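Fold and contact review
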Amino acid sequence: QKEVEQDPGPLSVPEGAIVSLNCTYSNSAFQYFMWYRQYSRKGPELLMYTYSSGNKEDGRFTAQVDKSSKYISLFIRDSQPSDSATYLCSTLGRQGAQKLVFGQGTRLTINP
Amino acid sequence: EAQVTQNPRYLITVTGKKLTVTCSQNMNHEYMSWYRQDPGLGLRQIYYSMNVEVTDKGDVPEGYKVSRKEKRNFPLILESPSPNQTSLYFCASSQIGGGSNQPQHFGDGTRLSIL
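Residues numbered from 1 in each chain as written. Chains lettered and ligands numbered in written order. Predicted model: local features only at pLDDT ≥ 70, side-chain atom pairs only at ≥ 80, totals over all residues. Heavy atoms only, no water.

What follows is about the overall build of chain B. For chain B, the count of helices and strands is 0 helices and 11 strands. Here the C-alpha radius of gyration of chain B, 14 Å, is about what a compact globule of 115 residues would show, namely 13 Å. For the C-alpha atoms alone, the extent of chain B along its principal axes is close to 45 × 30 × 25 Å. Considering chain B as a whole, with its 115 residues, one finds that 49% of them fall into the buried category. Look at the contacts in chain B between residues 6 or more apart in sequence, and 53% of them connect residues 24 or more apart. When the accessible surface of chain B is summed, it comes to about 5,500 Å², and 49% of that surface belongs to carbon and sulfur atoms. Across chain B, the 12 positively charged side chains and the 10 negatively charged ones have centroids separated by 5 Å. (Helix = DSSP H or I, 4+ residues; strand = E, 2+ residues; numbered from the N terminus. Rg over C-alpha atoms; globule rule 2.2 N^0.38 Å. Buried < 20%, exposed > 50% of the residue type's maximum accessible area, 1.4 Å probe, protein only. Contact = heavy atoms within 4.5 Å. Areas by Shrake-Rupley, 256 points an atom, 1.4 Å probe, with all protein chains shown as cover. Lys, Arg positive; Asp, Glu negative; His and termini not counted. Charge placed at Lys NZ, Arg CZ, Asp CG, Glu CD.)

Now the structure itself:
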């Protein structure tokens, strides 16, 4: 079983839609959860970072972690064509260990 | 500008011909890492380094070597490349420790094709 599972998509939605991206993880020791965004022909860049359970909001983006069900979500409100990218969820066991474990990535397209 | 620079960006080569992919960061980060990205498998860690002269295996180290002689550089070496090493490679760096987010900064990738 992969440590982090993510539906690879692809996912295509119209501009302005609310997008929900999800991952599950297997190791209850994971404490730090991140979403990276990767544009075509570029490296991943950190989008959102959450510690333990709860929600974190940054503009149109909301990251949600439910440790009881080992479920990670990213919501994008009022989606824009510029949000079209691959989104990667990842986890980190403990700060300082630096070992990131990634999901497969979900390719998202926002259609104007 | 803070960045991680990889070279080359694209390389097509043949089986068995030794190659090196360079990685350099200008942020004085202790931690550096190499990943490969393959369809359906996501990013997998090859090797990482916690500091100068300290390196360790990641999840898929077979067929690769690394060195960390200077803090800013972390080259990836393929001594005898094989077609199953055809992939998209990323170098990343970050600070270590601290009480808050220490994001990993990624380079823009090196696409290797081994024929």
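What follows is about the layout of surface pockets. A volume near 690 Å³ is recorded for the largest pocket. Mapped onto the lining of the largest pocket, the elements with two or more residues apiece are β9 (85-92) of chain A together with β4 (31-38), β9 (87-94) and β11 (110-114) of chain B. When residues of the lining of the largest pocket are assigned to their parent elements, the largest contribution, 4 residues, is made by β11(B). Per-class residue counts for the lining of the largest pocket are 8 nonpolar, 14 polar and 7 charged. (1 Å grid on protein atoms, 1.4 Å probe; cavity = no way out; pocket = protein on both sides within 12 Å on 5 of 7 lines; lining within 4 Å. Points joined across faces, edges and corners; volume = space filled by probe spheres on them. Nonpolar A, V, L, I, M, F, W, Y, C, P; charged D, E, K, R; others polar.)

Quick look at the nonpolar core now. Counting residues in hydrophobic clusters, the biggest one holds 24 residues, and the most contacted among them are Trp35(A), Leu74(A) and Tyr87(A). Elements supplying a minimum of two residues to this core: β3 (19-25), β4 (32-38), β5 (45-51), β7 (61-66), β8 (71-76), β9 and β11 (106-111) of chain A. For this core, the element with the most residues is β3(A), which contributes 4 residues. If sequence neighbours within four positions are ignored, Leu74(A) has contacts with Val19(A), Ser20(A), Leu21(A), Trp35(A), Leu47(A), Met48(A), Phe61(A), Thr62(A), Ala63(A) and Tyr87(A). Ranked by size, the runner-up nonpolar core spans 19 residues in total, among them Tyr47(B), Leu78(B), Tyr89(B) and Leu112(B). (Core = buried A, V, L, I, M, F, W, Y, C linked by side-chain atoms within 4.5 Å.)

Here the focus is the sheet that holds strand β1 (residues 4-6) of chain A. Residue and element names in this part refer to chain A. Spatial strand order, β1-β3-β8-β7-β6: 5 strands in an open sheet with antiparallel pairing. A single partner strand is all that each edge strand has here, and the edge strands are β1 and β6 (54-58). For this sheet, the mean angle separating the axes of adjacent strands, direction not counted, is 15°. (Pairing = 2+ DSSP bridges. Axes fitted to C-alpha atoms, helices over the stretch in contact; angles between N-to-C directions.)

Attention now moves to the interface of chain A and chain B. A common way to state how big an interface is: give the accessible area lost once the parts meet. Counting residues at the interface gives 19 residues for chain A, matched by 26 residues for chain B. Buried area between chain A and chain B, both sides added, is near 1,700 Å², and the carbon and sulfur share of it is 51%. The tally of links from chain A across to chain B stands at 1 salt bridge. Residues Lys42(A) and Asp108(B) are paired through a salt bridge, measuring 3.4 Å at the closest nitrogen-oxygen approach. Here chain A is connected to chain B by 5 residue pairs in polar contact (both at pLDDT 80 or more). Sorting the residues of the side of chain A that touches chain B by element identifies β4, β5 and β10 (100-102) of chain A as the ones contributing at least two each. Of the residues assigned to the side of chain A that touches chain B, the class counts are 8 nonpolar, 7 polar and 4 charged. (Buried area = accessible area lost by both parts, 1.4 Å probe. Salt bridge = Lys/Arg side-chain N within 4 Å of Asp/Glu carboxyl O. Polar contact = N/O pair within 3.5 Å; in protein donor to acceptor, adjacent residues only side chain to side chain.)

This paragraph deals with the pairing of strand β3 (residues 19-25) of chain B. Residue and element names in this part refer to chain B. In terms of burial, β3 is a largely internal element, 5 of the 7 residues being buried. Of the pairings in the sheet, the one linking strand β1 (residues 4-7) to β3 comprises 4 bridges and is antiparallel in character. Within the sheet, the bridge partner assigned to Gln-6 lies in β3 and is Cys-23. One ladder, built from 3 bridges, connects β3 with strand β8 (residues 76-78); its direction is antiparallel. Bridge assignment links Thr-20 to a residue of β8, and that residue is Ile-77.

In short, geometric facts, not functional conclusions.
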